[in-house]
Structure formats: C-alpha cells, structure tokens
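What the coordinates show
This is what each chain is made of:
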Amino acid sequence: MTQPITDLRETVRRRYAAAAVQVTEGGTACCGPQAIEIDDNFGSTLYAADERDTLPAEAVAASLGCGNPTAVVGLHEGERVLDLGSGGGVDVLLSARRVGPTGKVYGLDMTEEMLALALANQKKAGATNVEFLKGAIEAVPLPAHTIDVVISNCVINLSTDKPAVFAEMFRVLVPGGRIGISDVVADDTLTSAQRAERGDYVGCIAGALSFAEYRAGLEAAGFTSIEINPTHAVADGMHSAIVRAMKPTTSNKTEASTADDSCCGVTACCTPAEQAHDPNRSVTEAKSASGCNCS
C-alpha cells in the first residue's frame, strides 16, 4: 500500500532531523565529528579533499548528497544562489566562497535541527554572505526573479510534489538564470514499483524520477537547454546525475500572478502579499528607491 504523502514528508523530516542531531550531539572521531554512516555513493567523499578541508568538520560530517553541484554549475562573483534542501550547509558555504562578498547564498531547509546545525557552521566558517531560511522547496519564501542560480544536492527526489519544485525554481530565477542539481534519476525502463524495490523513499531511491520524467517536468515548468548526465550508479538502474537547465531570457510562459503583478520594486504591489524584489530591502525601502508614490 502506498504511504500517504503527509506521512512521507514527516518520515523525511524525521530522518534528516535525526541526522543533524547525530552530528551535533554524537561522538567524535579523532579529528572531528563522526560522519553520518551511509554508503560510498552518498556523502562527503564526493567532494574533493581540498574542498572538505576548507569547511567546518560538522558541515562535512552532515553531508548526505549524491554529488557536488557547486563543482559543475560554474558560479561567478556577485551571483545570488539558492540551495534547495541545504542541510548542514556544505554546498551553501562552498558557494559563498565562489560568489564572494558581493554575492549572496540562501540555504532553504524545512528541518529545524538541520537549520540550527547550518547556522552554527556558518558562524564557524565566518560566512557573512549567507542566509538560511526555513521553508519547503515546494513553496520557496523568496520573491520572483531574485536568484541567478539554483542548486540542490539529492533533495528533489525526496519531494512529494516535484512539479511544484520545478515551478518554484523557475519563478525565483531571473530571466537567463540557471540550475545545477545533483539528484538520483532512474532508467526510463524502471517502473515506480521497480524503483521502490531498489530502495526506500527516504533513502533517495523510491521517489526518484526517470530521465524522461525529469526532462518533461523541467520542460513543463518552462526550462530550456536541459542536460541530465549520469555520474555514477547508486542502485541497479538508478544513477546519481547532474541536471542543468536555463530559464529563457524571454518567456511566453505565464508565471504566478504575484510574479507578474509587480511595480515599484515589489511584487503584488499594494496587496497583503507584496514583497520587495531585493530580499535585502524592506517593501518601504524598495518603493522609495524606485521613486514609487504608492503607500
């Protein structure tokens, strides 16, 4: 019998909350906290040693991803980056180094325990161009058209509403923005039942999309220049893959009304839902900077 969506979400939340607690409160190895025990297809071993050495030991120990999106997305100075499902902050902190002091990196996670760990790691790393947000990747708490690059590391397969995730990525990206994602993807020949036979949902296997499903989902959201390239096997017919795509500079796709109903440097102007385009400004500051006379 299929597990209800609400139960799946709670199972995922509990799993990653427990992982954060394990790193925060668990025993330590000779040189730092004990890494979470997972197989060689996931975790900190997928990062280069020189990258791991620049990060707080707790961020490395909490790594649960299936790749290293920061190594393939080509981040540049001054860019604004959003990490979906940021966990202990490893990809956020690596991205923060790449975008520099003029850039900004947001980490989004739904788990209080992971956010607490990430904030502690941010403090240890001394990263001032980083902000962690609590929320769901299906409903990103950022205004439209404010992010240059979306990254994610083995998290989208855990979502119970992947079309919503793709739509949110498209919404928050500026025209010409891009995604660079590591995720688990299944061979097109595998049915949902066959994927579930190879691993459970919380283990990043049962909920994975096929290559064709992933491409179709991104296309439906409006993305172009889609590339899905497998990197290594994680189970029979299941692969870690790098997913790249672009938001067109011009688009005929109709986005959410709050994204289009914008003026004065804010979205949804003069409504209870209005938000500044620049997340570092208040609504009043945004309107003042734009010369808007709305109150």
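Refer to the preceding data block for the structure.
It should be emphasised that the depicted structure is a prediction, and the values quoted were computed from it without experimental measurement.

**A closer look at the packing of aromatic side chains**
For the structure shown, the criterion picks out 2 aromatic pairs. Taking the centre distance of 5.4 Å and the plane angle of 45 degrees together, the rings of F166 and Y214 count as tilted. Here F166 is found in helix α6 (residues 162-172), whereas its partner Y214 is found in helix α8 (residues 211-221), with 48 residues between them in sequence. Assessed through its relative accessible area of 1%, Y214 is described here as buried. Look at F170 and F223: their rings are 5.2 Å apart centre to centre, the planes differ by 90 degrees, and that puts the pair in the edge-to-face class. Taken as a pair, F170 in helix α6 and F223 in the loop between α8 and β9 (224-235) lie far apart in primary sequence, 53 residues in all. For F170, a relative accessible area of 2% gives the class buried. One cation-aromatic arrangement involves K247 over F170; the distance from NZ or CZ to the ring centre is 4.7 Å.

**Describing α6**
In terms of burial, α6 is a largely internal element, 9 of the 11 residues being buried. Of the surrounding secondary structure, the elements contacted by the buried residues of α6 are β3 (80-84), β6 (147-153), β7 (173-186), β8 (209-210) and α8.

**Digging into the packing of α6 against α8**
In contact at an axis separation of 9 Å, α6 and α8 are set at 45 degrees when each is read in the N-to-C sense. Compared by their axis directions, α6 and α8 come out oblique. Between α6 and α8 lies a crossing whose hand is right-handed. Contacts from F166, A167, M169 and F170 of α6 reach α8 at Y214, G217, L218 and A221. For the contact of α6 with α8, a count of residues per class yields 7 nonpolar, 1 polar and no charged.

**Section: the environment of A245**
Mapping A245 onto the fold places it in strand β10 (residues 238-246). Since its relative accessible area comes to 3%, A245 is described here as buried. A C-alpha to C-alpha distance of 4.3 Å links A245 and I226, two positions 19 residues apart in sequence. If we ignore the near neighbours within four places in the chain, the residues touching A245 are G177, R178, I179, F223, T224, S225 and I226.

**Re the pattern of salt bridges**
Counting across every chain of the model gives 8 salt bridges. Ionic pairing is found between R178 and E79, a salt bridge with its closest N-O pair at 2.9 Å. Placement of R178 in strand β7 and of E79 in the loop between α3 (57-61) and β3 is noted, with a sequence separation of 99 residues between them. The buried category is assigned to R178, whose relative accessible area is 15%. Here D148 and R80 are joined by a salt bridge, their closest N and O atoms 3.2 Å apart. With D148 in strand β6 and R80 in strand β3, the pair connects residues that are 68 residues apart, well separated along the chain.

**A word on the environment of A220**
Residue position: A220 is located in helix α8. Taking relative accessible area as the criterion, A220 reaches 54% and is therefore assigned exposed. A C-alpha to C-alpha distance of 8.2 Å links A220 and P163, two positions 57 residues apart in sequence.

**As for the pairing of β9**
Relative to β10, β9 runs antiparallel, the two sharing 8 bridges. The partner of A233 across the bridge, within β10, is H239.

**Here's the deal with the environment of L173**
Take L173: it is sitting in strand β7. For L173, a relative accessible area of 0% translates into the label buried. When the C-alpha positions of L173 and V150 are compared, they lie 7.5 Å apart, and in sequence the two are 23 residues distant. When near neighbours in sequence (up to four residues on either side) are disregarded, L173 contacts H145, I147, D148, V149, V150, R178, I179, F223 and K247.

**Examining α8**
Turning to α8, its buried residues number three or more, namely F211, Y214, L218 and A221. Along the axis of α8, the buried residues cluster in a sector spanning 100 degrees; they form a single face. One or two steps after α8, the chain reaches G222, where phi turns positive at roughly 115 degrees.

Calculation criteria
- Residues numbered from 1 in each chain as written.
- Predicted model: local features only at pLDDT ≥ 70, side-chain atom pairs only at ≥ 80, totals over all residues.
- Heavy atoms only, no water.
- Phe/Tyr/Trp six-rings, centres within 6.5 Å; stacked < 30°, edge-to-face > 60°.
- Helix = DSSP H or I, 4+ residues; strand = E, 2+ residues; numbered from the N terminus.
- Buried < 20%, exposed > 50% of the residue type's maximum accessible area, 1.4 Å probe, protein only.
- Lys NZ or Arg CZ within 6 Å of the ring centre and 35° of its normal.
- Contact = heavy atoms within 4.5 Å.
- Axes fitted to C-alpha atoms, helices over the stretch in contact; angles between N-to-C directions.
- Parallel < 35°, antiparallel > 145°, perpendicular 65-115°, else oblique.
- Left-handed = near helix turned anticlockwise from the far one by under 90°.
- Nonpolar A, V, L, I, M, F, W, Y, C, P; charged D, E, K, R; others polar.
- Salt bridge = Lys/Arg side-chain N within 4 Å of Asp/Glu carboxyl O.
- Pairing = 2+ DSSP bridges.
- Arc of directions from axis to C-beta.

Keep in mind these values describe shape, not function.
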